[in-house]
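Topology and contacts: notes
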Amino acid sequence: MDAAQEAHNREAFRQAVVNTLERRLFYVPSFKIYRGLPGFTIMGHPDARSSPTCSPSGVREHVGSDCPCVTPEIVLKASGHVDKFTDLMVKDEKTGTCYRADHLLKDYSKDKLEKDPNLSAEKAAELRHVLAVLDDLSAEELGAKIKSYGITAPDTKNSLSEPYPFNLMFQTSIGPSGLSPGYMRPETAQGIFVNFKDLYYYNGNKLPFAAAQIGQAFRNEISPRQGLLRVREFTLAEIEHFVDPDDKSHPKFSEVASLEFLMFPREDQVSGRAARRIPIGEAVTQGIVNNETLGYFIGRVYLFLTELGIDKDRLRFRQHLANEMAHYAADCWDAEIECSYGWIECVGIADRSAYDLRAHTDKSGVPLVAHEKYPEPKEVEKLVIAPVKKELGLAFKGNQRMVVEALEAMGEEEAMEMKATLETKGEAEFRVCTLDKVVTIKSSMVSISKEKKRNIKGFSHHLIIYCLYEHSFYTRPSKDGDEQLNVFRFPPLVAPIKCTVFPLVQNQQYEEVARNIARALTTVGISYKIDITGTSIGKRYARTDELGVPFAITVDSTSSVTVRERDSKQQIRVNVDEVASVVKEVTDGVSTWADVLWRYPTHSS
């Protein structure tokens with residue numbers, strides 16, 4: 001075989017491998033609906049399974065995806081992030097220090113309500129209304145409120161600029177020329193949307209299916225504060241669950257239907273009532289939660305968070321108010337956890353439209369749609385309202401956005417009436433509530449047809465972790481009662497370090513036994529910390545309790561050891577060759593501490 005033939009065979013072999021890897025979704029070129037981005041790939045389901053992930057709501061049951069952190073501008077332009085992913089910012093007019101405008105107004109209102117004993121009932125009602133509509137205020141309205149309340153820069157008391165939008169994405173350039181702009185991704189979901197066709201194919205071209213991704217996201221926060229609660233780089237877990245809008249039932253809903261937990265429906269918030277315990281099955285039946293699929297994921301999020309160690313009495317699910325919810329969403333709920341900062345949103349669960357898929361379809365020209373096959377031909381129409389922004393911009397100038405949002409928020413009956421009027425008359429009268437007037441919509445300004453929906457769930461790792469820290473922390477007196485010792489009661493399942501190993505005294509034989517136990521723990525996959533410093537046993541226990549380590553193995557002989565449980569401080573005696581398997585059994589949840597306490601002799605220190 002000559003050299004040319006060998007080269008040809010190598011190339012053919014390489015191409016066969018690459019084609020198979022792409023076809024079976026081991027990896028695909030990134031953003032390929034936008035003709036790809038050289039140097040970046042999306043790791044697909046088989047490889048994503050091997051990535052280090054937690055498992056919220058059974059992440060491993062979903063199609064995995066591991067997308068690049070760098071995203072080309074065209075993708076985020078299509079999704080709306082380039083134009084709309086902003087917060088309103090104000091500046092100290094003398095020092096240039098930046099602040100989030102809504103945070104200043106929120107802090108002022110809460111401070112007055114909580115600390116001003118002379119606040120009139122009328123003023124209190126006004127401030128509560130400000131807090132309720134804060135997300136809806138325009139830049140002009142925010143600026144007017146800041147001025148009327150005399151709000152100044154917190155650090156210097158200097159006057160503030162007018163609020164203006166600040167894009168929260170970190171910009172970068174891709175490649176040496178600097179001509180290809182990109183951004184660090186502000187969320188992981190867009191990588192799933194642009195890869196929809198491949199993920200749908202991997203699932204056998206069938207609905208429903210879900211795609212999950214866990215990774216870093218980046219947001220250039222105006223004024224990071226509150227420790228882990230607002231940071232510029234964080235870990236985000238997102239699950240996109242794609243469903244047929246005509247069938248939002250869930251085959252596993254019965255598994256969570258009886259779960260009862262604190263829910264805070266929209267009506268209760270508006271009427272001033274407190275959150276109440278409602279079984280999720282009842283919430284779906286009564287229409288409080290829109291559908292079974294949404295209810296199923298709310299239930300699974302509850303199980304996930306409580307299994308992590310979040311206190312169920314300080315966890316609630318709050319429904320978005322009308323002014324918070326995206327105009328294309330059917331229903332939205334946030335899992336909120338109470339901590340010393342108040343109620344903090346940690347997980348968002350929403351039933352959304354095909355907004356992102358439609359946006360990427362329009363921008364790339366590649367249809368991101370699912371097709372259902374029926375035994376008999378069947379026509380199914382699904383409502384899609386597509387405003388023509390160029391025409392609306394020419395007609396309504398600065399009011400274009402409000403007209404677009406009002407059109408997209410139309411119900412099916414109103415939309416179909418408009419469609420009929422436009423087809424017969426070429427124009428239709430349309431009331432825009434946010435403008436408080438009727439406008440004329442021409443047939444060139446909007447297209448009305450029909451399409452598919454999806455559910456989305458996003459977890460913010462840092463928020464959940466911080467709340468877990470607070471919910472797990474307590475103090476207890478030392479043995480002598482002269483000081484309070486800190487303890488984190490992390491459940492064994494999520495404790496970063498599962499156990500500690502230390503010889504009771506510095507002794508070569510005991511240290512060798514400790515190292516053998518450490519090797520056995522490594523073999524069964526248990527994280528541990530070994531301590532042969534010779535410090536008193538009480539101090540070593542206190543150190544590991546403060547780290548949240550659930551179990552401590554103390555080597556006090558060469559044949560058997562003691563195992564101490566952190567919260568009860570109870571101890572059992574276990575043979576050296578069994579101890580690693582006992583710790584694994586309890587940390588994996590196969591047995592409880594009560595189970596092993598019954599099986600093994602107790603030890604008194």
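Conventions and cut-offs
- Residues numbered from 1 in each chain as written.
- Predicted model: local features only at pLDDT ≥ 70, side-chain atom pairs only at ≥ 80, totals over all residues.
- Heavy atoms only, no water.
- Pairing = 2+ DSSP bridges.
- Helix = DSSP H or I, 4+ residues; strand = E, 2+ residues; numbered from the N terminus.
- Axes fitted to C-alpha atoms, helices over the stretch in contact; angles between N-to-C directions.
- Contact = heavy atoms within 4.5 Å.
- pLDDT = per-residue confidence, 0-100.
- Core = buried A, V, L, I, M, F, W, Y, C linked by side-chain atoms within 4.5 Å.
- Buried < 20%, exposed > 50% of the residue type's maximum accessible area, 1.4 Å probe, protein only.
- Salt bridge = Lys/Arg side-chain N within 4 Å of Asp/Glu carboxyl O.
- Parallel < 35°, antiparallel > 145°, perpendicular 65-115°, else oblique.
- Left-handed = near helix turned anticlockwise from the far one by under 90°.

1. Quick look at the sheet that holds strand β6 (residues 98-100)
The strand order across the open sheet built from three strands is β6-β5-β7, with neighbouring strands paired in antiparallel fashion. Looking at which strands have only one partner, the edges of the open sheet turn out to be β6 and β7 (164-167). Between one strand axis and the next, the sheet turns through 55° on average, direction left out of account. Strand direction decides the pairing type here: strand β5 (residues 86-91) and β7, joined by four bridges, are antiparallel. Bridged to T86 within β7 is N167. Contacting β5 and β6, helix α5 (residues 101-115) runs over the sheet at an angle of about 65° to β6.

2. Observations concerning the sheet that holds strand β4 (residues 70-72)
Hydrogen bonds between backbone atoms are what pair the strands of a sheet, whose relative direction is either parallel or antiparallel. Read from one edge to the other, the open sheet built from three strands follows the order β4-β9-β8, with strand pairing classed as antiparallel. Of all strands in the sheet, those bounded by a partner on one side alone are β4 and β8 (171-174). Within this sheet the neighbouring strands show an average axis-to-axis angle of 45°, counted without direction.

3. Some remarks on the confidence of the model for the protein
Averaged over the protein, the pLDDT score is 83; the fraction of residues at 70 or greater is 86%. For the protein, helix α2 (residues 45-48) is the element with the lowest average pLDDT, namely 46, and strand β13 (residues 276-279) is the one with the highest, namely 97. Across residues 46-60, where pLDDT falls below 50, the model places 32 contacts with residues more than four positions away in sequence or in other chains.

4. Here we look at the nonpolar core
Ranked by internal contacts, the top residues of the largest apolar core, which has 38 residues, are I280, V289, I298, L305 and F317. Among the secondary structure elements, those contributing two or more residues to this core are β12 (260-264), α11 (280-285), α12 (292-308), β14 (315-319), β15 (331-339), β16 (342-352) and α17 (461-472). In terms of residue count, α12 provides more of this core than any other element does, nine residues in total. Setting aside residues up to four positions removed in sequence, I298 forms contacts with F261, I280, V289, F317, W333 and I349. The next biggest cluster of nonpolar side chains, apart from the first, holds 23 residues, and it includes L521, A580, V582 and V586.

5. What about the pattern of salt bridges?
Across all of its chains, the model carries 25 salt bridges by this definition. The closest approach of N and O atoms between E512 and R515, which form a salt bridge, is 3.8 Å. Here the residue E512 and the residue R515 both occupy positions in helix α18 (residues 508-523), the gap between them amounting to three residues, near one helical turn. Residue classification places R515 among the partly exposed positions, given a relative accessible area of 34%. For E512, a relative accessible area of 37% translates into the label partly exposed. The network of salt bridges with common partners includes R316, R318, D334 and E336.

6. Describing the packing of helix α14 (residues 389-396) against helix α15 (residues 400-408)
The geometry of α14 relative to α15 is characterised by a closest axis approach of 9 Å and an angle of 130° between their N-to-C directions. By the criterion of interaxial angle, the relationship of α14 to α15 is oblique. In terms of crossing hand, the pair formed by α14 and α15 is right-handed. Between α14, through K389, L392, G393 and F396, and α15, the contact on the second element is made entirely by Q400, V403, V404 and L407.

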